[in-house]
Amino acid sequence: MKTALTIAGSDSGGGAGIQADLKTFSALGVFGMSAITAITAQNTVEVRSVQNIDLDMISDQIAAVFDDIGVDAVKIGMLGNSAIIKTVAKSLIKYKPEHVVLDPVMVSKGGHHLLELNAVAELNEILLPLSSLVTPNIPEAEILSGRKINSEPDMYKACRDIMEKGPKAVLIKGGHLDGDPNDLFYDGKQFHLFKGERVETKNVHGTGCTLSSAIAAHLAKGESMLTAIGNAKDYITAAIAESLDIGQGHGPANHFHHFYEQVY
């Protein structure tokens, strides 16, 4: 069985972060492992508090997995601050995983900052060059590129800007724009527009985490980048279409939608 490691924060509500990543890995037939960078007290409505994990513990979690089990793909989510970014980058440089999917988590659905603003420079300078793919949504892409994105043509410009930071490829998710949620891929040579169909639901908690971990899972299984992204987008679209109406806010996607009939 292929393996995937998520380096991210824990979501006590179970819809995003480490929990969403491990559910996605399992649903897609990949053995999931985790290195927790932060513990969040959150639910479908809010992030109540955040506690970052000790840096040595983060390093030890990553090392324990690589030294024994091995990793076919890495997904990176919430990192929190500059020190954590540097710690994770040091581990990536040491172990040199083939596939690194970076989801630059910055702000929660409820507006809580999950990455300190002064850490964006380290994210750009240290982590993006180590990434096989970076998957920002529109607000995140605006921060990474330093450009406002109000239309699809703006996404093309932002892709070029972000590529200059050093990742091997960029996927800007278009869900925050009006119309269908089309995602734009760029690897420095070619653009590819992944067209989507908008599902009218408020239950979209953890969808960014889920898409990036699904891409990592498909890469771990040996798929090409474009095939992995296409399959991951199909997976998250179906998971949103059959999302779970849990909690009073943004409910989660249904990670195991294809395993059973909808009986809830």
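As shown above, the structure is provided for reference.
Just so it is clear, the structure is predicted and the values come from calculations on it, not from any experiment.

Scoring rules and cut-offs
- Residues numbered from 1 in each chain as written.
- Predicted model: local features only at pLDDT ≥ 70, side-chain atom pairs only at ≥ 80, totals over all residues.
- Heavy atoms only, no water.
- Helix = DSSP H or I, 4+ residues; strand = E, 2+ residues; numbered from the N terminus.
- Contact = heavy atoms within 4.5 Å.
- Phe/Tyr/Trp six-rings, centres within 6.5 Å; stacked < 30°, edge-to-face > 60°.
- Buried < 20%, exposed > 50% of the residue type's maximum accessible area, 1.4 Å probe, protein only.
- Pairing = 2+ DSSP bridges.
- Salt bridge = Lys/Arg side-chain N within 4 Å of Asp/Glu carboxyl O.
- Axes fitted to C-alpha atoms, helices over the stretch in contact; angles between N-to-C directions.
- Parallel < 35°, antiparallel > 145°, perpendicular 65-115°, else oblique.
- Left-handed = near helix turned anticlockwise from the far one by under 90°.
- Nonpolar A, V, L, I, M, F, W, Y, C, P; charged D, E, K, R; others polar.

Points about the environment of Glu 116
- Structurally, the position occupied by Glu 116 is in the loop between β5 (100–102) and α4 (120–127).
- Sequence separation between Glu 116 and Val 65 is 51 residues, and the spatial gap between their C-alpha atoms is 27 Å.
- In this structure, Glu 116 is in contact with Gly 80 and Asn 81, ignoring residues within four places of it in sequence.

Quick notes on the packing of aromatic side chains
- As enumerated under the stated definition, the model contains 4 aromatic pairs in all.
- When the ring of Phe 66 is compared with that of Tyr 95, the centres are 4.6 Å apart and the planes differ by 15°; the resulting orientation is stacked. A residue pair is termed long-range when its members are at least 10 positions apart, and Phe 66 in helix α2 (residues 55–68) and Tyr 95 in helix α3 (residues 82–95) qualify at 29 residues.
- When the ring of Phe 256 is compared with that of Phe 259, the centres are 6.1 Å apart and the planes differ by 45°; the resulting orientation is tilted.
- Residue classification places Phe 256 among the partly exposed positions, given a relative accessible area of 28%.

Some words on the pairing of strand β9 (residues 191–194)
- Bridging between strand β8 (residues 183–186) and β9 involves 4 bridges; their strand directions are antiparallel. Across the sheet, the residue bridging to Phe 185 is His 192, located in β9.
- Connecting the antiparallel pair β8 and β9 is a turn made up of 4 residues, with Gly 188 showing a positive phi of about 90°.

Some remarks on the pattern of salt bridges
- Under the definition given, this model contains 7 salt bridges.
- For Asp 21, the salt bridge is made with Lys 75, and the minimal N-O distance between the two is 2.9 Å. Residue Asp 21 is found in helix α1 (residues 17–27), and its partner Lys 75 is found in strand β4 (residues 73–76); the two are separated by 54 residues along the sequence. Residue Asp 21 shares its accessibility class with Lys 75, and that shared class is buried.
- Between Lys 173 and Asp 103 there is a salt bridge whose closest N-O contact spans 3.6 Å. Note that Lys 173 is positioned in the loop between β7 (170–172) and β8 and Asp 103 in the loop between β5 and α4, a separation of 70 residues in sequence.
- With a relative accessible area of 3%, Asp 103 lands in the buried category.

Considerations on the packing of α1 against helix α7 (residues 207–220)
- It is the contact of α1 with α7, at a shortest axis distance of 9 Å, that shows an interaxial angle of 40°. What the angle tells us is that α1 and α7 run oblique. Here α1 runs over α7; the crossing is right-handed. On α7, the residues that touch Gly 17, Ala 20, Asp 21, Thr 24 and Phe 25 of α1 are Cys 209, Thr 210, Ser 213, Ala 214, Ala 216 and Ala 217.
- When the residues that make up the contact of α1 with α7 are grouped by side-chain class, the tally is 6 nonpolar, 4 polar and 1 charged.

Just geometry here; none of it tells us what the structure is for.
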